[in-house]
Amino acid sequence: MNIVVLVKQVPDTESLVQIAADGVSIRKEDVKWIMNPYDELAVEEALRIREARGGTVTVVSLGGARVQETIRTALAMGADKGVHIQDPAAEGGDAPATARILAAALKTIPFDLILCGQRGVDEDNGQVGPAVAERLGIPHLALVVKVELLDGRVRGHRLVEGGTVVVEAPLPALITTQRGLNEPRYASLPGIMKAKKKPLEVKTLADLGVDPATVGAAGRKILVQALKLPPTRKAVRMITGETPEAVAAELVRVLHDEARLI
Amino acid sequence: MERERLEFDVVIVGAGPAGLAASIRLKQLAAETGREFEVCVVDKAAALGAHSLSGAVIDPRALQELLPDFRHRGCPIEEENLQDAVFYLTADRAWRLPWIPPFLHSGGAFVASLCRFCAWLGSIAEEMGVNLFPGFAAVETLGDDSGRRVVGVRTGDKGVDKQGRRKGNFEPGVDLLAKVTVFAEGPRGSLLREAAKRLGLFEGRMPQAFETAVKEVIELPEDSPWLGSPEAVIHTFGFPLGLRTKGGGFLYRMAERRVSLGLVVGLDYTDPMFEPYEEFLRFKRHPLVARRIAGGRVLQQGAKTLPVGGWYSMPRLFADGALVVGDSACTLNARRLKGVHTAMKSGMLAAETIAEALAAGATGPAALEGYRRRLEESWLGEELRESRNFSQALSRPPASRVFHLGAQWLSGGRGLVDPMPIHEDCAALKPRSFREPAPVGDLDGTLYLDKLTGVYLSGTRHEEDQPCHLHIPRPDWCTTRCWEEYRSPCTRFCPGQVYEMKRQPDGRPQLKLNPSNCLHCKTCEIKDPLRNVLWNCPEGGGGPNWTIL
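Predicted model, so just to flag it, every value in this text is computed and none were measured.

**Some remarks on the nonpolar core**
Membership of the largest hydrophobic core comes to 223 residues, with the highest contact counts inside it found for V5, I101, L102 and V132 of chain A together with A22, V182 and L323 of chain B. Top contributing element to this core by residue count: helix α7 (residues 340-360) of chain B, with 11 residues. If we ignore the near neighbours within four places in the chain, the residues touching V5 of chain A are A42, V43, A46, V57, V59, A74, A79, L115 and C116 of chain A.

**Side note on the interface of chain A and chain B**
Across the boundary between the two partners, chain A contributes 18 residues, which contact 25 residues of chain B. Looking at the side of chain A that touches chain B residue by residue, the class counts come to seven nonpolar, three polar and eight charged.

**What to know about the domain arrangement of chain B**
Residues and elements named next belong to chain B. According to the domain assignment, chain B consists of domain 1 (5-68 + 116-205 + 314-386), domain 2 (83-110 + 208-306), domain 3 (390-419) and domain 4 (452-535). On a C-alpha basis, the centroid separation for the pair domain 2 and domain 4 is 27 Å. At the junction of the two partners, domain 2 supplies 17 residues and domain 4 supplies 15 residues. Elements supplying a minimum of two residues to the side of domain 2 that touches domain 4: β13 (210-219), α5 (276-285) and β17 (297-307). With seven residues, the top contributor of residues to the side of domain 2 that touches domain 4 is β17. Across the side of domain 2 that touches domain 4, the residue classes tally to 10 nonpolar, five polar and two charged.

**Examining the environment of A217 of chain A**
Within the secondary structure, A217 of chain A is located in the loop between α6 (205-208) and α7 (244-258). The residues contacting A217 of chain A, other than those within four sequence positions of it, are E91, G92 and G93 of chain A.

**Focus on the environment of A290 of chain B**
Residues and elements named next belong to chain B. By the element assignment, A290 lies in helix α6 (residues 287-293). Residue classification places A290 among the partly exposed residues on the basis of 13 C-beta atoms within 10 Å. Not counting residues up to four positions away in its chain, the partners in contact with A290 are K284 and R285.

**Let's talk about the sheet that holds strand β16 (residues 258-266) of chain B**
Residue and element names in this part refer to chain B. As summarised here, the arrangement of the seven strands in space is β5-β4-β14-β15-β16-β13-β17, forming an open sheet in which the pairing is mixed. The open sheet has two edge strands with one neighbour each: β5 (94-96) and β17. With direction set aside, neighbouring strand axes in the sheet form an average angle of 20°. In this structure, strand β14 (residues 231-238) lies alongside strand β15 (residues 247-253), joined through four bridges in antiparallel fashion. Each bridged residue has a counterpart across the sheet, and for V233 the counterpart in β15 is Y252.

Conventions used here
Residues numbered from 1 in each chain as written. Chains lettered and ligands numbered in written order. Predicted model: local features only at pLDDT ≥ 70, side-chain atom pairs only at ≥ 80, totals over all residues. Core = buried A, V, L, I, M, F, W, Y, C linked by C-beta atoms within 7 Å. Buried ≥ 20, exposed ≤ 12 C-beta atoms within 10 Å, placed from the backbone. Helix = DSSP H or I, 4+ residues; strand = E, 2+ residues; numbered from the N terminus. Contact = placed C-beta atoms within 7 Å. Nonpolar A, V, L, I, M, F, W, Y, C, P; charged D, E, K, R; others polar. Domains from an automatic or database assignment. Pairing = 2+ DSSP bridges. Axes fitted to C-alpha atoms, helices over the stretch in contact; angles between N-to-C directions.

Written out as structure tokens, the structure reads:
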């Protein structure tokens, strides 16, 4: 079975996030870059399927040079090969543009199943997976927490408010992965050594036959108007006291006299 | 369990300035002599530089020797052509010293973020073919059957739960075998601690002595008057530590309206109620500092220990199949307040010794002893000999300190007593001398932070479901001897609020550990008066995620 995993490199959520001078993007310096945690679930699931049924796992990512670190991480986890789409004209694109490029790349890679995280934790759009499926004309199963492969079909379990929905689609299909699906493995040290020698192909927009005017910053249909950091929290005040009774009394006093909430 | 074994010529533990300089020098020597050295560097931090913290004013001497074209290779320099000022602080005033001792001059040096500097050095090492493995903690030194020869290290298992059981994503550690293993763990390495006992590396040496630094990088407002001042490097002594406790403050201006600010505190302080973090807040509120950082916002915070024992507390630098470099080997020059260039130089000298030993096909103690000789004969040895009694003199009462320092300066380091004795930091606290804590004022959460906000801004993260990395051999002492005699100083000296004392329903104290907050500074292991804390490496990849400290 040929499995393709779409991965995105995102800032570590623990990173120092600062808004850049343009007011609509974040500063790229001083940020630690990691694989989108939802995509880690997708890589892990792909590896488990390959281990159970054989086949190959190809990892595809779009972005600048540093994206290769994330592809190498997936290769170190056990994926077989990587495809890195790198083109200055692809930079600064929105989700539909990203989907356009990824779908073009997928036309050059054989696949039975495509896996990707349900959303990127950076921009929280959740659009790329479904849009890729749409462009390829294949079904997509979103927010899956359990994958079962049947004969020529795939079954996905989705959590909804108060219950589980089980859906099925014929292969080839695209699945977006949700927390709870699995526990991603660590990239092992020997795995990292081996990953250095695994094939990693770099492709440009021209290689994929994508018109640069339709993607990247030039092809944006959605423009970011402003970015704002959440309001800074006020320092937490700890209520202390010798006994639980004293702590409770002080809490009541603060809530009544100072916060005027009770 | 069968573990995977990987063989290298050299395995280096720790990707700080010493370990990375050693790896780069090894690759250079391999190229010069037409040989191949397989070099591996492991580091517990998730990313290169993420556990590196220093002021840092870097003397480029070692860097110039290692990479003469460092400026063209993108060395991350924040500020150059530095003008110094040294101030003596009282509670509300600052007295500028009319004369700065030559060893404190920063001319020729540059301000850098050690995180960025190490990430940069690492990228050069990687280009040269060094195998770098951030995110992997070395947890055990591997010996041969006799136990006398070091043959490599074992990396820690990943995916183990709190009870020590394997989780679904369990990944066993691997054995990294090497002809030479280099300990470059930084101050108080947990690996060296155990290996040194077995190999007797600290036998006959003076005790180790440490200081703890709490540091922040603050972004200043655009109209901050200090941005235009020629003084980019400021050192202070006096308030808030007074003259009895050694240490002092620093403010270094960085690029992009940032300032690096910190307080260094000697861990031989005697007052059990003393809290380094609170003193750091007091330092920030001193008018000299407060004026310069007014309107600013803390971007990152961290803490780390510095080995200041110097020459006489350096371990034996070599063993059969192993060398010790950098802060692990106490190469920091306490008198000059600089340790990056000395750490790098020690790594480079170790590399030269190793390259020779590998070429000769012998990596026993006789072959590796040359490292010690090289170090002694180099400018590094000269620097360290000159300051060999410096920190020791600072531990003396203020009245005699001046005479010791003066005599040392006149006699090239010898001074009035040589070697000047020193005591272990953990023995310094005076039992049963309690006092009420003094207020530190309101914390606004932006420029003045409580400890937990500081931990948050250090980006510290550990896998929650893992065995506790802090080993307390006698937990009963925490609520008896330690509480009665010292009122649980761990709750104060730890800058990450890892240790808390809670009241049990019957009113008795109970220790609560928050190992996930740990900043990996190791102050606890060094300062605990009952030596009741052992710091071990948590799962690789855990800990602070500093990028600009």
